[in-house]
Amino acid sequence: MLLAHLTDLHLPMPAVPALTDLLNKRALGYLSWRGNRRKRHTLTALETLVADCGRDAPDFTVLSGDLVNIALESEFTAAAQWLAAHFSAATTVFTPGNHDAYVAVPWDRGLGNFRPFMTGARLGQNGDRPPRDASDFPFVRTVGAVCVVFANSSPPTAPGLATGCLGGAQIDRIGAELRRLGEEEKCRVLVLHHPVTEGVTSRRKALDDAAALRALLKETGVELVLHGHTHRSVWASVDTKDGPRPVVGGASASHPRAHGKYRPARYNLFTIEGDARRGWRIDVVVKELDPETGAVRTAEERRLLPAP
């Protein structure tokens, strides 16, 4: 299986917000966007990367959050149209990031716009369906022997915070899914927006219940964890009952160039082979935009599993 992972796309705002839209946390986000974020995330860089990903022809594509910036209703509408124009809902799935939940927005006017790209099977239910609200996670998409579990780590937060939280009920459901899929000898990939491992980001941007999730993964096992949020590549691992397993954070897919510790736009392309009895093999190629030529090149190649 060839699995693509893109994250932190930050599509441009389709219009200047009305003043009434900025009478909350959005005011700070809009000032940040106008000041520098709109220069650090460009549609040209993103669409160059997406076109290259399309040429790779992955079997499945994961988008781990932050399609929009300050959760304006106009942003959700425009982002849904952009998604439909660039990806197939049959082979592409999205899970929310903190900017997609920047403030509370009614589901049907916000994240519900992405229903076609959030369809999957729920625990104990037959058939796939989209989530009914922000609490209706996790869900699972199966591609051959690979099962991708999508969690929602992004509730709305107070001004100045970008923390994540899964909540006890969702963690329990994640555990039930991972146990079931392990018994079925599937390759289990867990996807969420916020980092799982310690020290990856500051406290105000961290996953509040990361320790509880790590404890769960140690008990249930998992083959690969994917996240976004940091805007830079993260290479880490989490302890499981089967030994350490890779945790990979994706860099932003829309940076036009490097700035400080951040690289130009990137996405990750995973090759997953093997089976539960002989062991899974996971390799990754990191593709990166070259700002000088406008082409996309291979920046890194790594063997993730079995661990080197």
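All values derive from a computational prediction rather than experimental measurement.

J.: Explain the overall build of the chain here, please?
T.: What the chain contains, in helices and strands, is five helices and 14 strands. Taking 2.2 N^0.38 as the reference for a compact globule, 308 residues should give roughly 19 Å; the C-alpha atoms of the chain span a radius of gyration of 18 Å, in line with that estimate. Along the first, second and third principal axes, the C-alpha set of the chain runs to 60 × 45 × 35 Å. The buried share among the 308 residues of the chain stands at 54%.

J.: Honestly, the state of the cysteines in this entry has me stumped. Any pointers?
T.: In a disulfide, the sulfur atoms of two cysteines are covalently bonded to one another. On inspection of all chains with the given rule, the structure shows zero disulfides. Note on C53: no disulfide assigned, nearest cysteine sulfur contributed by C187 at a separation of 18 Å. Its relative accessible area of 3% is what places C53 among the buried residues. Considering cysteine sulfurs only, C147 is the nearest to C187, which forms no disulfide, with 8.6 Å between them.

J.: What's the story with the packing of aromatic side chains in this structure? I'm lost.
T.: Each aromatic ring pair is summarised here by two numbers: the centre-to-centre distance and the angle between the ring planes. According to the stated counting rule, one finds six aromatic pairs in the structure shown. Seen in terms of ring centroids, F94 and F114 are 5.1 Å apart; in terms of plane orientation they differ by 75 degrees. Their pairing is edge-to-face. Of this pair, F94 sits in strand β3 (residues 92–94) while F114 sits in the loop between β3 and β4 (120–121), and the two are 20 residues apart along the sequence. Summarising the aromatic geometry, the rings of F139 and F150 are spaced 5.3 Å apart at their centres and angled 20 degrees between planes, so their arrangement reads as stacked. With F139 in strand β6 (residues 139–143) and F150 in strand β7 (residues 146–150), the pair connects residues that are 11 residues apart, well separated along the chain. Residues F139 and F150 agree in their burial class; the two are buried. Joined through ring pairs, the aromatic side chains of F60, F137, F139 and F150 make up one cluster. A cation over an aromatic ring shows up here: K25 above the ring of Y102, its NZ or CZ 4.5 Å from the ring centre.

J.: How should I be thinking about the nonpolar core in this particular structure?
T.: Here is a general trend for soluble globular proteins: nonpolar side chains tend to be buried in one another's company. Counting 62 residues, the largest nonpolar core has L6, F114, V189 and F270 as the members making the most contacts within it. Non-local contacts of V189, meaning those with residues more than four positions away in its chain, are made with L3, V146, C147, V148, V149, L224, L226 and I272. By size, the runner-up hydrophobic cluster in this structure holds 21 residues, among which are V149, L166, L192 and L217.

J.: Can you walk me through the side chain of D100 in this structure?
T.: Its place among the elements puts D100 in the loop between β3 and β4. Within the buried core, D100 has no salt-bridge partner, and the shortest N-O distance to an opposite charge, that of R37, equals 10 Å. Polar contacts involving the side chain of D100 include one to the main-chain amide nitrogen of D66, which spans 2.6 Å. Here the side chain of D100 touches V68 through a polar contact of 3.1 Å, landing on its backbone nitrogen. If near-sequence neighbours (up to four positions away) are discounted, D100 is found in contact with G65, D66, L67, V68, A71, F76, F94 and L111.

J.: Can you walk me through the sheet that holds strand β14 (residues 296–305) in this structure?
T.: Paired through backbone hydrogen bonds, the strands of a sheet run either parallel or antiparallel to each other. As summarised here, the arrangement of the six strands in space is β3-β2-β1-β12-β13-β14, forming an open sheet in which the pairing is mixed. At either margin of the open sheet sits one strand with a lone partner, and together these are β3 and β14. Mean inter-strand twist for the sheet, computed between neighbouring axes without regard to direction, equals 20 degrees. Sheet topology places strand β13 (residues 279–289) next to β14; eight bridges connect them, and they run antiparallel. When the bridges of β14 are listed, I282 appears paired with L305. Each of β1 (2–6), β12 (266–275), β13 and β14 is contacted by helix α2 (residues 43–56), which is oriented at about 25 degrees to β12, the strand it contacts most.

J.: Which parts of the structure should I look at to understand the pattern of salt bridges?
T.: Any two side chains of opposite charge can pair if their charged atoms end up close together. Scanning the model with the defined rule gives 25 salt bridges in all. A salt bridge links D242 to R188; its shortest N-O distance comes to 4.0 Å. Taken together, the residues D242 in the loop between β10 (234–240) and β11 (243–251) and R188 in strand β8 (residues 187–191) connect sequence positions 54 residues apart. Given the relative accessible area of 38%, D242 is considered partly exposed.

J.: Got a minute to help me understand the environment of I272 in this structure?
T.: Among the structural elements, I272 can be located in strand β12. Considered as a pair, I272 and L192 are 80 residues apart in the sequence and their alpha carbons are 19 Å apart. Not counting the four nearest positions on each side in its chain, I272 is found in contact with M1, L3, V146, C187, V189, W280, R281 and I282.

Analysis parameters
- Within any chain, residue numbers begin from 1 and follow the written order of that chain's sequence.
- Thresholds applied to this predicted model are a pLDDT of at least 70 for local features of residues and 80 or more for the giving and counting of side-chain atom pairs; totals over whole chains, interfaces and linings are not thresholded and use all residues.
- Here the side-chain values reflect all heavy atoms present in the structure, with hydrogen atoms and water set aside.
- Helix and strand definitions follow DSSP, with helices as H or I runs of at least four residues and strands as E runs of at least two, each counted in order from the N terminus.
- All radius of gyration figures rest on C-alpha atoms, and the globule criterion is 2.2 Å times the number of residues raised to 0.38.
- Buried, partly exposed and exposed residues are distinguished by accessible area as a fraction of the type maximum, computed with a 1.4 Å probe on protein chains only: under 20%, between the cut-offs, and over 50%, respectively.
- We call a pair of cysteine sulfur atoms a disulfide whenever their separation is within 2.5 Å.
- The rule is short: rings of Phe, Tyr and Trp, with Trp giving its six-membered ring, pair when the centres are within 6.5 Å, and they are stacked under 30 degrees, edge-to-face over 60, tilted in between.
- The rule is short: NZ of Lys or CZ of Arg within 6 Å of the ring centre and within 35 degrees of the ring normal puts a charge over the ring.
- Throughout this description, the term nonpolar core refers to a set of buried Ala, Val, Leu, Ile, Met, Phe, Trp, Tyr and Cys residues connected via side-chain atoms within 4.5 Å.
- Contacts: residue pairs with any heavy atoms within 4.5 Å of one another.
- Asp and Glu count as negative and Lys and Arg as positive, but His and the ends of the chain are not part of the count.
- Whenever a carboxyl oxygen of Asp or Glu lies within 4 Å of a side-chain nitrogen of Lys or Arg, that contact is scored as a salt bridge.
- Two N or O atoms form a polar contact when they lie within 3.5 Å of each other; inside protein one atom must be a possible hydrogen donor and the other a possible acceptor, and for residues adjacent in sequence the pair counts only when both atoms belong to side chains.
- Strands qualify as paired when DSSP identifies two bridges or more between them.
- Axis definition: a line fit to C-alpha positions, over the contact stretch in the case of helices; interaxial angles, taken between N-to-C directions, run 0 to 180 degrees.

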